[in-house]
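Architecture and fold: a report
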Amino acid sequence: MKFMKVLDLKNTILNIKQEFSAYFKERDAEINGSLLALLSGEHVLLLGPPGTAKTLLANKICETIEGGNFFHYLLTRFSTPEEVFGPLSLKALEKDEFSRRVEGYLPTAHIALLDEIFKANSSILNSLLTVLNERKYHNGKEVMDVPLFSVFGASNELPEEDESLEALYDRFLFRYSVDYIQHEENLEALIFENTEDFMPSTKLSVEDIKEIQKKARDMRVDPEVRAIIRGLRKELKNANIFVSDRRWKKIINVLRVASAVNGHENVNRMTVVLLQHMLWDLPEQKETIRKLILDRVVSGGTDTGKLKQDVLDLRNSVYNCLQQELPDLISCNKCFEEEKKTTGGMKSSRFTAVKAPKSLTFNNALDFLKHHTEFPTHTYSFGLEYRNNVNGSLSFEAVAEQFRRRYGFEFKLSLDYGDKKLYEKEYENLEERLNYFRKHVQEEEKALEDTLRENIWVSGQDSKEILMKYRSKNTDIYEIAGYLNEIRNLLEKPKIFDLEIEEAEVA
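Quick caveat: nothing in here was measured; it's all calculated off a predicted structure.

The next thing to look at is helix H11 (residues 245–262). Its 18 residues place the ends of H11 26 Å apart at the C-alpha level, agreeing with the 26 Å of an ideal helix rising 1.5 Å per residue. Those residues of H11 lying buried are Arg247, Trp248, Ile251, Val254, Leu255, Val257, Ala258, Ser259, Ala260, Val261 and Asn262. Note on H11: the residue one or two positions beyond its end, Gly263, has a positive phi of about 85°.

Closest axis-to-axis distance for the helix H12 (residues 286–297)/helix H20 (residues 460–492) pair is 10 Å, and the angle between their directions is 60°. Taken together, the axes of H12 and H20 are oblique relative to one another. H20 is crossed by H12, and the crossing has right-handed handedness. Contacts between H12 and H20 involve Arg290, Leu294, Asp295 and Val297 on the former and, on the latter, Gln461, Asp462, Glu465, Ile466, Lys469 and Tyr470. Tallied by class, the residues present in the contact of H12 with H20 amount to four nonpolar, one polar and five charged.

Looking now at the packing of helix H13 (residues 304–321) against helix H18 (residues 417–446). Packed helix pairs are specified by the crossing angle of their axes together with the interaxial distance, meaning the distance between the axes. Where H13 contacts H18, the axes come no closer than 11 Å and their chain directions differ by 155°. It follows that H13 is roughly antiparallel to H18 by the angle criterion. Crossing angle aside, the handedness with which H13 passes H18 is left-handed. From H13, Thr304, Lys306, Leu307, Asp310, Val311, Leu314, Ser317, Val318 and Cys321 reach across to H18, where they touch Tyr423, Glu426, Tyr427, Leu430, Arg433, Leu434 and Phe437. Grouping the constituent residues of the contact of H13 with H18 by class yields 10 nonpolar, two polar and four charged.

A separate point is the packing of aromatic side chains. The tally for this structure, following the rule as stated, stands at 17 aromatic pairs. Between the aromatic rings of Phe368 and Tyr380, the centroid separation amounts to 4.9 Å while the plane-to-plane angle is 90°, which identifies the pairing as edge-to-face. Taken together, the residues span a long stretch of sequence, with Phe368 in helix H16 (residues 365–374) and Tyr380 in strand E14 (residues 380–382) at a distance of 12 residues. Classification of Tyr380 as buried rests on a relative accessible area of 0%. These aromatic residues form a ring-pair network of at least three members: Phe20, Tyr23, Phe24 and Phe198. Just above the ring of Tyr169 sits the side chain of Arg175; from NZ or CZ to the centre is 3.8 Å.

This paragraph deals with a nonpolar patch on the surface. A surface patch of nonpolar side chains, about 420 Å² in accessible area, is lined by Leu187, Leu190, Ile191 and Phe192. Along the polypeptide, Phe192 turns up in helix H8 (residues 184–192).

As a further point, take the confidence of the model for the chain. Residue-level pLDDT values for the chain average 83, and 88% of them are 70 or greater. Confidence drops under a pLDDT of 50 for residues 494–507, and excluding neighbours within four residues, the segment shows 19 contacts in the predicted structure.

It is worth spelling out the UniProt feature "coiled-coil region" (unreviewed entry) in the chain at this point. The positions UniProt marks with the feature "coiled-coil region" (unreviewed entry) are residues 420–447. When the span residues 420–447 is considered, its composition is 96% helix and 0% strand, and the gap between its end C-alpha atoms is 41 Å.

Another aspect to go through is the sheet that holds strand E1 (residues 44–47). Read across the open sheet, the five strands follow the order E3-E4-E7-E1-E8; overall the sheet is parallel. Edge strands, defined here as strands with exactly one partner in the open sheet, are strand E3 (70–74) and strand E8 (174–177). Ignoring strand direction, the axes of neighbouring strands in this sheet form an average angle of 10°. Judged from the five bridges that link them, strand E4 (residues 111–115) and strand E7 (residues 150–155) form a sheet pairing that is parallel. Considered in E7, the bridge of Leu114 is made with Gly153.

Right, let's talk about the sheet that holds strand E13 (residues 361–364) for a bit. Ordered by their spatial adjacency, three strands build an open sheet running E13-E12-E14, and the pairing between neighbours is antiparallel. Taken across any chain shown, the strands that pair with only one partner, and hence form the sheet edges, are E13 and E14. Averaged over all adjacent pairs, the angle separating strand axes in this sheet is 30°, with direction ignored. The pairing of strand E12 (residues 325–332) with E14 spans three bridges and is classified as antiparallel. Residue pairing for E14: Ile330 is matched across the bridge by Phe382. In the packing of H16 onto the sheet, the strands contacted are E12, E13 and E14, and the crossing angle to E13 comes to about 135°. Helix H17 (residues 396–407) contacts E12 and E14 of the sheet and is inclined by roughly 145° relative to E12.

On to the environment of Ile209, then. Its location among the elements puts Ile209 in helix H9 (residues 206–216). Residues Ile209 and Val257, spaced 48 residues apart in sequence, show a C-alpha to C-alpha distance of 9.9 Å.

One can find Ala58 in helix H3 (residues 54–62). Separated by 93 residues in the primary sequence, Ala58 and Val151 place their C-alpha atoms 9.2 Å from one another. With sequence-adjacent residues up to four places away left out, Ala58 is seen in contact with Leu46, Leu113 and Phe152.

By size, the foremost hydrophobic cluster in this structure holds 141 residues, and its most contacted members are Leu168, Leu275, Trp457 and Ile466. Looking at this core, the element that brings in the most residues is H20, giving nine residues. Discounting chain neighbours no more than four positions away, the residues touching Ile466 are Met270, Val273, Leu294, Val297, Val298, Leu448 and Leu452.

So, how was this worked out
Numbering of residues starts from 1 in each chain and follows the order in which that chain's sequence is written. Local features are withheld for residues below a pLDDT of 70 in this predicted model, meaning they are given only at 70 or higher, and side-chain atom pairs are given and counted only at 80 or more; totals for whole chains, interfaces and linings count all residues. Working from all heavy atoms in the structure, the side-chain values ignore hydrogens and water. Each helix is a run of DSSP H or I of at least 4 residues and each strand a run of E of at least 2, with the numbering of both proceeding from the N terminus. A helix is expected to reach a length of 1.5 Å times the quantity of its residues less one. Any residue under 20% of the maximum accessible area for its type is buried, any over 50% is exposed, and the rest in between are partly exposed; the area is computed with a 1.4 Å probe on protein chains only. As a rule, the C-alpha atoms of each element are fitted with a line to give its axis, helices using only the stretch in contact, and angles between N-to-C directions run from 0 to 180 degrees. In this scheme, roughly parallel covers angles under 35 degrees and roughly antiparallel covers those over 145, while 65 to 115 is roughly perpendicular and the rest are oblique. Rotating anticlockwise by less than a right angle from the far helix to the near helix defines a left-handed crossing, while the corresponding clockwise rotation defines a right-handed one. Between two residues, a contact is recorded if the distance between any of their heavy atoms is within 4.5 Å. Classes in brief: Ala, Val, Leu, Ile, Met, Phe, Trp, Tyr, Cys and Pro nonpolar; Asp, Glu, Lys and Arg charged; the others, Gly included, polar. Pairing of aromatic rings covers Phe, Tyr and the six-membered ring of Trp, with a centre-to-centre limit of 6.5 Å; geometry is then stacked below 30 degrees between planes, edge-to-face above 60, and tilted otherwise. Any Lys NZ or Arg CZ found within 6 Å of a ring centre and within 35 degrees of that ring's normal is scored as a charge over the ring. Residues with no salt bridge and a relative accessible area higher than 30% make up the patches, which join like charges within 9 Å and nonpolar side chains (Val, Leu, Ile, Met, Phe, Trp, Tyr) within 5 Å. In short, Shrake-Rupley with a 1.4 Å probe defines the accessible areas, and a residue's cover is counted only from the protein chains shown. Think of a salt bridge as a Lys or Arg side-chain nitrogen and an Asp or Glu carboxyl oxygen that are within 4 Å of each other. Values of pLDDT, ranging from 0 to 100, describe the predictor's confidence in every residue of the model. UniProt positions are given in the numbering used here, feature names are shortened, and annotations may be inferred rather than shown by experiment. Pairing between strands is defined by DSSP: at least two bridges between the two strands are required. For our purposes a nonpolar core is just a set of buried Ala, Val, Leu, Ile, Met, Phe, Trp, Tyr and Cys residues, chained together by side-chain atoms within 4.5 Å.

Okay, structure coming up:
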């Protein structure tokens, strides 16, 4: 029975979202946040210039509640407490008692819309803060329980530097910076189409809201979500973005409610995407916070970029230890022939090899080894002669033998015992990290689209970006695997020169 109620609520929310998205263009994130704030008992701030439908959106969200009281007021610097909390009761004054007639005003509202919220003056602020945070109103000697679920605040600007206004600002857990419509077709639909006034047909009941809050109260939070939260707190502090303990407590409650509406048994990682709308203080912080969150949501924050750099550093370090200058120039016949085809032909001469592009010739053993690893079937020449000479078509192993016989040169592509052990240990550590990343990224991606589709709180834009990040990480994993294979060859390839190489015919 409880499962059916949750399923019904999820379908109700989906229907409301579809109705609102069809009318309010480019406002999916704001619609999601407003509905979730309503269900979790939090407050929403819509910040932006005039003419962006902030007030209309908040008003229509409030109309989705049936059986609830609604209060709407436009604040100015000259607004009085009577306008928000109700007029003084004359009967109470006759008894020398201070009391307000609160019916129809904020203290009896389930939903409130306060326009130009930061123009509230000091005579309103103290009572307003208590109502927002504690759901209490001091009406004379009586302390009233306020049935308020959410306050929607709309403003064209951030609060001024005032301690009371900053405290008010902190009470709004969800924050959205609302801009003008960006896409031309959406703007044309708004200004040219003769649309009737929007009236939401799907409704939420007060009982629905209380029931889902009760269900969410004891929901378990996954360990990986806890780890993401801990990591985010550290990174935000490093970026000088400070979030109060009270906000973190409320954030976790919102994640629980979001998961409960989805029908989940616990709070999983994808729900953490919602934090991007609850952590910023200034609009310019939004993108930084969004990137931090999405990076951690994708496979728990596996940083393939950092792993790739660590692997490249190891590869370069091994290369530097294996540099060995050759006693004569080596040229690749195959690459030289391909170069001639692309350049339209090249006359042969005894100096052709010297004049060939650097990519075809090698003067150190490491580059020679690297080329052979990539192209194991290529043959080589060495010395200045290219044509009709005994050195003109030698395998990699034969070149090594010729160098030994002609120059007494031994390929010593080997590391000191200590260096080799150190590099092998580091290689094993990097390979283990790669396998861990591969498991968490590639396996998870298989079910990712279904996971995102069934989570009604993740917007379409967020879903696209998450999928792109997974694909980017998969590309990194493929490249990292190639680099590690190259390092493994560098650590193992010197064994080639310890083998018995068949003698090549020497003139």
